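Remarks on the overall topology
So you can see what is in the structure, the chains are spelled out below.
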Amino acid sequence: MGSIKEYFTEAAKGLKSLVDGMVVTGKELVTPKITEQYPENRASLQIADRFRAELTLIYDKEGRHKCIGCGICQMNCPNGTIQLTTKMVDLLDGKKKRKLDKYMYDLGSCTFCMLCVTTCPQDALEFSNDFEQATFTRNSLVKQLNYRPEPKDEPAAPPKPAMDPEKLAKIKAEALAKAAKIKAEREAAAAAAASSPASEAPKPETPAPKPEESAPKPEETKSEIPKPEEPKPETPKPEEPKPEVPKPETPKPEEPKSEEPKPEN
């Protein structure tokens, strides 16, 4: 019984999906057809602004770009699509500056990841939406982005006029006199401080104890236990000579004489 129920359930699902597909097909069948007349409609063709077609440098109205040749875009490119060369130029004020010489871009190996645009510190790059980049050779896909001639640099600001030597000498003399006066005042003050007696020197005022700090709180008072005094080492006194007392002579005990018996005649 269960297998029959599953059979009809799956058949109903399949029929429903077939009807949904036929509805979509019927709508497209009655929809009016529009054919793009490309390339005749290039003037009226609208391409999305976010479409990434080709990397370009941003130029201002004067024909200058913002690229400083730092090479961050070249380092971040995963395919090695960008190759930069720089040069050192002398400015009008005598200083040297590094400038961009050639910005080479290989459109054939570009993945349009936009890492070069997002990591540029000067915001000098962008992607155009010009999608017509078909060519017959791969070499024609390698392009130089800074193809425009660079405008001449603006002249540097004129140097400030030199000061009158007499006025400069006067200013120097006034500065030296002022410095000598300050030095003499310091030496006189040091000599006066050295000559005055040390007793006359003002003593530093000790701040009076606050009433709260001077009176010890009953909780904080502790009975001081006297420490036992350490015994002082006694110095040895010289010994006085004692008088010699004559020792009494003790009489030696006499040994008893043994009387020998006389022989009887």
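Thresholds applied
- Residues numbered from 1 in each chain as written.
- Predicted model: local features only at pLDDT ≥ 70, side-chain atom pairs only at ≥ 80, totals over all residues.
- Heavy atoms only, no water.
- Helix = DSSP H or I, 4+ residues; strand = E, 2+ residues; numbered from the N terminus.
- Buried < 20%, exposed > 50% of the residue type's maximum accessible area, 1.4 Å probe, protein only.
- Contact = heavy atoms within 4.5 Å.
- pLDDT = per-residue confidence, 0-100.
- Phe/Tyr/Trp six-rings, centres within 6.5 Å; stacked < 30°, edge-to-face > 60°.
- Pairing = 2+ DSSP bridges.
- Axes fitted to C-alpha atoms, helices over the stretch in contact; angles between N-to-C directions.

Notes on unusual backbone geometry
At the junction of Tyr38 and Pro39, the peptide bond is cis and its omega measures out at 10° in the coordinates. The phi torsion at Phe112 lies on the positive side, around 55°, for a residue other than glycine. Topologically, Phe112 is positioned in the loop between β3 (96–106) and α3 (115–119). Given a relative accessible area of 28%, Phe112 falls into the partly exposed group. Phi is positive for Met114, which is not a glycine, with a value near 70°. Within the fold, Met114 resides in the loop between β3 and α3. Residue classification places Met114 among the partly exposed positions, given a relative accessible area of 26%.

Observations regarding the environment of Cys116
Here Cys116 shows up in helix α3. Sequence separation of Cys116 and Leu55 is 61 residues, and the distance between their C-alpha atoms is 9.1 Å. Sequence-distant contacts of Cys116, defined by excluding residues within four places in its chain, comprise Leu55, Cys73, Ile82, Leu125 and Phe127.

Details of the confidence of the model for the chain
Per-residue pLDDT for the chain has a mean of 79; in total, 69% of the residues score no lower than 70. Here residues 218–223 is a poorly scored stretch, pLDDT under 50, and it has one contact once near neighbours within four places are set aside; other chains count.

Notes on the packing of aromatic side chains
Considering all chains together, one arrives at three aromatic pairs under this definition. Aromatic side chains Phe112 and Phe127 sit 6.0 Å apart centroid to centroid with 55° between the ring planes, which places their arrangement in the tilted category. Remark: Phe127 occurs in strand β4 (residues 125–128) and Phe112 occurs in the loop between β3 and α3; sequence separation between them is 15 residues.

So, the sheet that holds strand β2 (residues 82–90)
As summarised here, the arrangement of the three strands in space is β2-β3-β5, forming an open sheet in which the pairing is antiparallel. Strands with a single pairing partner mark the edges of an open sheet, and in this sheet they are β2 and β5 (142–144). Each strand axis lies, on average, 25° off the axis of its neighbour in the sheet, ignoring direction. As paired strands, β2 and β3 are joined by nine bridges and run antiparallel to one another. When the sheet's bridge partners are listed, Met88 is paired in β3 with Arg98.

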